[in-house]
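Understanding the architecture of this molecule
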Amino acid sequence: MSLAHDLESLAIDIAREAGELARVRRDAGVAIAATKSALADIVTEADREVEALIRARLAAERPDDGFLGEESGAERGTSDVTWVVDPIDGTVNYAYGIPTYAVSIAAVSGEPTPGEWQALAGVVHSPVGGEVFHAARGEGAWLGASRIAVNAEVGPAGALLATGFGYDPATRPGDLDLIGRVMPELARDLRRGGAASLDLAYVAAGRLDGYFERGLAPWDHAAGALLVTEAGGRFGRAEPDGSPRAPLIVAATPAIFDRLAAAAGLN
Ligand code: LIP
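All figures in this text were calculated on a predicted structure; none of them were measured in a lab.

What about the pairing of strand 13 (residues 210–214)?
Strand residues, when the strand is regular, have side chains that alternate between the two faces of the sheet. Across the five residues that make up strand 13, a large majority, four, are buried. As paired elements, strand 11 (residues 159–162) and strand 13 share two bridges and run parallel to each other. Counterpart to alanine 162 in the pairing with strand 13 is tyrosine 211.

Some thoughts on the environment of alanine 204
Here alanine 204 lies in helix 5 (residues 196–205). Leave out the neighbours within four places in its chain, and alanine 204 touches Ile148, Ala149, Val150, Leu227, Val228 and Ala231.

Describing the site of the ligand
If you check the shell around the ligand, you find 17 residues, and the closest are Asp89, Gly90, Tyr167, Ala196 and Glu213. In this structure, an oxygen atom belonging to the ligand sits 2.9 Å away from a main-chain N or O atom of phenylalanine 165. One nitrogen or oxygen atom from the side chain of tyrosine 167 is found 2.6 Å from an oxygen atom belonging to the ligand. Relative to its free-state accessible area of 380 Å², the ligand is covered by the protein chains to the extent of 95%. Of all the secondary-structure elements, those providing two or more residues to the shell around the ligand are strand 5 (81–89) and strand 13. Top element by residues in the shell around the ligand is strand 5. It accounts for three residues. Looking at the shell around the ligand residue by residue, the classes come out as seven nonpolar, four polar and six charged. Looking at which domains feed residues into the shell around the ligand, each of domain 1 (3–148) and domain 2 (159–264) supplies at least three.

A closer look at the pairing of strand 5
Taken across its nine residues, strand 5 has nine buried, putting it largely inside the fold. Looking at chain direction, strand 3 (residues 66–69) and strand 5 are connected through four bridges and run parallel. Considered in strand 5, the bridge of glycine 69 is made with valine 85. Here strand 5 runs beside strand 6 (residues 102–109); their pairing, made up of seven bridges, is antiparallel. Each residue of the ladder has a partner; that of aspartate 86, found in strand 6, is serine 104.

Here's the deal with the domain arrangement of the chain
For the chain, the assigned domains read domain 1 (3–148) and domain 2 (159–264). One C-alpha centre belongs to domain 1, the other to domain 2, and the line joining them spans 20 Å. Counting from both sides, the interface comprises 41 residues of domain 1 and, opposite them, 25 residues of domain 2. A buried area of about 2500 Å², summed over both sides, lies between domain 1 and domain 2, and 68% of it is on carbon and sulfur atoms. Together, Asp89, Pro114 and Phe133 form the three largest contributors to the area buried by domain 1 at its contact with domain 2, with a combined 19%. Our count for the contact surface shared by domain 1 and domain 2 stands at one salt bridge. Broken down by secondary-structure element, the contributors of at least two residues to the side of domain 1 that touches domain 2 are strand 3, strand 5, helix 3 (91–96), strand 6, strand 7 (118–126), strand 8 (131–136) and strand 9 (141–143). At seven residues, strand 7 tops the list of elements feeding residues into the side of domain 1 that touches domain 2. Considered class by class, the residues forming the side of domain 1 that touches domain 2 number 23 nonpolar, eleven polar and seven charged.

Thoughts on the sheet that holds strand 6
Taken together, the eight strands give an open sheet; going across it, the order is 4-3-5-6-7-8-9-10, and neighbouring strands pair in mixed fashion. In the strand order of this sheet, the two ends are held by strand 4 (73–75) and strand 10 (146–148), each with one partner. Shown here is a sheet whose adjacent strand axes are inclined to one another by a mean of 20°, direction ignored. Where strand 8 meets strand 9, three bridges bridge the pair, whose relative direction is antiparallel. Of the residues in strand 9, the one forming a bridge with histidine 134 is tryptophan 142. In this fold helix 1 (residues 3–28) packs onto strand 5, strand 6, strand 7 and strand 8, with an angle of close to 30° to the strand it touches most, strand 7. Lying over the sheet, helix 6 (residues 218–230) contacts strand 3, strand 5, strand 6, strand 7, strand 8 and strand 9, oriented at roughly 100° with respect to strand 7.

Focus on the environment of threonine 35
When you line up the elements, threonine 35 lands in strand 1 (residues 32–35). The class of threonine 35 is partly exposed, set by a relative accessible area of 45%. Along the backbone, threonine 35 and arginine 48 are 13 residues apart, and their C-alpha atoms lie at a distance of 13 Å. Excluding residues that lie within four positions of it along the chain, threonine 35 makes contacts with Asp41 and Ile42.

Definitions and cut-offs
Residues numbered from 1 in each chain as written. Predicted model: local features only at pLDDT ≥ 70, side-chain atom pairs only at ≥ 80, totals over all residues. Heavy atoms only, no water. Buried < 20%, exposed > 50% of the residue type's maximum accessible area, 1.4 Å probe, protein only. Helix = DSSP H or I, 4+ residues; strand = E, 2+ residues; numbered from the N terminus. Pairing = 2+ DSSP bridges. Contact = heavy atoms within 4.5 Å. Near = heavy atom within 4 Å. Polar contact = N/O pair within 3.5 Å; in protein donor to acceptor, adjacent residues only side chain to side chain. Areas by Shrake-Rupley, 256 points an atom, 1.4 Å probe, with all protein chains shown as cover. Nonpolar A, V, L, I, M, F, W, Y, C, P; charged D, E, K, R; others polar. Domains from an automatic or database assignment. Buried area = accessible area lost by both parts, 1.4 Å probe. Salt bridge = Lys/Arg side-chain N within 4 Å of Asp/Glu carboxyl O. Axes fitted to C-alpha atoms, helices over the stretch in contact; angles between N-to-C directions.

Next up, the structure:
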């Protein structure tokens, strides 16, 4: 078996265990532990507990690997592998009891920076739905045991797209301008699920034709981007006006990627 396949298998096992913990904590009731970059950017005790479980299981299995997590930060390893983890992506949904949230775990090699790393394995697990989207580099994208692929074409009514909004109210005008540029050009309709990793997994599975958003963190897209490319889709990331805090992410079937990227301003 390839290293990528072994990393994928480990990530699937850990994502399932972490997802079960997240689900049990949600059913028991969720407390907001703190706010981060903005009042709307919350973290729950479950976010922290789930990331600690993931980090401990990875350290036990692969002690030399690095780690980059949303809640506990970054730690360089001595191997060439770094784990990029969002323990509960869709935190606001999770806090409100909306079932659209996911455990996102990716293994990357090289410099653990988007645009520089090479994704080796990615898993996006939806605990409520029980769905496990997964990919190992060069081995395709899967939903459970079923192979998945992006839509080969987009119908005459236009593309079903998804997007999202940053936590900082100051980004709202730019986000709305972005939608105003994209929708008339391409969309039959727009979805706002609230979890980037699931939006990307849905592009990979053909449930969406494309997705775009500004301001995502590396852990939001690390796993989902590999799902998209292994499913035959295209993924792009840019930092318009050189702002690393608000990168633009575009992912789509090749049938519309270039038009979506152009409308969104992906240089
Ligand atoms: C969320 C993303 C979502 C975005 C939110 C937030 P979190 O990640 O998954 O797409 O619109 O602003 O960034 O904070 O739930 O891990």
